[in-house]
Amino acid sequence: MEEILERASKGKDIILNKELNLEVYRKKEEYERILSNVINSGLDYAIKGLNVSENFKNTLQEVRDIFKKKDFKNIISSSLSGSLKEGLDITKDRPQDLKNIDNIKNNSIKGGINFLLSAGIDIVLNKFLKGNLFLPQIKKVLDHVKGFLGSNSFLQKIDSGIRKLFGKKNKFNIICENWYKAYEKFSIKDINNFAGTLNRYKSTLKYDKECMQQNSIIQNMTKLINSKKDKLSQIQLQICNEL
């Protein structure tokens, strides 16, 4: 199973390299985050309602922790890279098309993301839980998760995650619009309030290049406004856009 993911990782298209196409790389990371959340929700559902002993509950918490650690996130990343490579070969899309997260989803599904993630779960089972006294019971739980990966519910959860992401972006853009309205009215109180909200909100959209650029411009402008106590000149506006 590890060999499958190794081949998938080595076979990924070079355009997915961070240095070569940062925007695609960020969208891929965004989608990885959605996949991680979906898989963990599938694990929680498989565990929910189990009538188990306290000792087994502790073991299940250990399984949850493993699914949230860097090792499993690396498995998700390798699985996604491999499925995208296969998906692009099937759809004949260009790697640049992966700047759209819906295209990442479609290519990953066509490229067998569920199969590669299932292989990743087997790696977790064999590498991190081998020798555990509750291994047969854990295997049953993880078999449910693997079944979930091949179901329509898995696809629906991904779609839900993407909708939530778009919802966050829309909310972010509305706050940006409100900041610019406050600037037109030159209400320093509202300027600072909206800028503060954007700064707190940006961590949820850190992989979105446009949102991060817009936040950077607004924060630069806000800083100058508080210093100048007046609207900015064209030169100052240009500086804020270029910083």
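No experiment lies behind these values; they were computed from the predicted model shown.

A. Spotlight on the pattern of salt bridges. Counting across every chain of the model gives 12 salt bridges. Ionic pairing is found between D159 and K105, a salt bridge with its closest N-O pair at 2.9 Å. With D159 in helix α8 (residues 152-185) and K105 in helix α5 (residues 101-110), the pair connects residues that are 54 residues apart, well separated along the chain. Linked through salt bridges whose partners overlap, the residues forming this network are K27, E30, K169 and D208.

B. Focus on the nonpolar core. Counting 59 residues, the largest nonpolar core has F67, L142, F154 and M221 as the members making the most contacts within it. The dominant element in this core, judged by the number of residues it contributes, is α8, at 10 residues. Beyond its immediate stretch of four places on either side in the chain, F67 contacts I39, N40, L43, F72, I121, V124 and L142.

C. Geometry of the confidence of the model for the chain. On average, residues of the chain carry a pLDDT of 87, and 92% of them reach 70 or more. When pLDDT is averaged over each element of the chain, α5 comes out on top at 95 and helix α1 (residues 2-10) at the bottom at 56.

D. How the structure looks around the side chain of N107. Relative to the elements of secondary structure, N107 occurs in helix α5. Residue classification places N107 among the buried positions, given a relative accessible area of 0%. In contact with N107, other than residues within four places in its own chain, are S83, L84, G87, L88, T91, D93 and L98.

E. Expanded view of the environment of G82. Among the structural elements, G82 can be located in helix α4 (residues 70-91). Residue class for G82 comes out buried when judged on its relative accessible area of 6%. In this structure the C-alpha to C-alpha distance between G82 and I34, which are 48 residues apart in sequence, comes to 17 Å.

F. Representation of the side chain of N215 in the model. Here N215 lies in helix α10 (residues 209-228). The exposure class assigned to N215 is buried, which follows from its relative accessible area of 4%. Here the side chain of N215 touches N199 through a polar contact of 3.4 Å, side chain to side chain. Once you skip the residues sitting within four places of it in the chain, N215 turns out to touch F172, L198, N199 and K202.

Thresholds, definitions, all that
Each residue is numbered by its place in its chain's sequence as written, counting from 1. A pLDDT threshold of at least 70 governs which residues receive local features in this predicted model, and a stricter bar of 80 or more applies before side-chain atom pairs are shown or counted, although totals over entire chains, interfaces and linings include all residues. No hydrogens and no water enter the side-chain calculation; it runs on all heavy atoms of the structure. Salt bridges are defined as contacts in which a side-chain nitrogen from Lys or Arg sits within 4 Å of a carboxyl oxygen from Asp or Glu. Elements are defined by DSSP. Helices are runs of H or I of four residues or more, strands are runs of E of two residues or more, and each kind is numbered from the N terminus. Among buried residues, the Ala, Val, Leu, Ile, Met, Phe, Trp, Tyr and Cys ones that are joined through side-chain atoms within 4.5 Å form a nonpolar core. For each residue, the accessible area found with a 1.4 Å probe, counting protein chains only, is set against the maximum for its type, and the residue is called buried under 20%, exposed over 50%, and partly exposed in between. Should any heavy atoms of two residues lie within 4.5 Å, those residues are considered in contact. Confidence scores labelled pLDDT are given residue by residue by the predictor and lie between 0 and 100. What qualifies as a polar contact is a pair of N or O atoms within 3.5 Å, subject to a donor-acceptor requirement within protein and to the restriction that residues adjacent in sequence count only when both atoms come from side chains.

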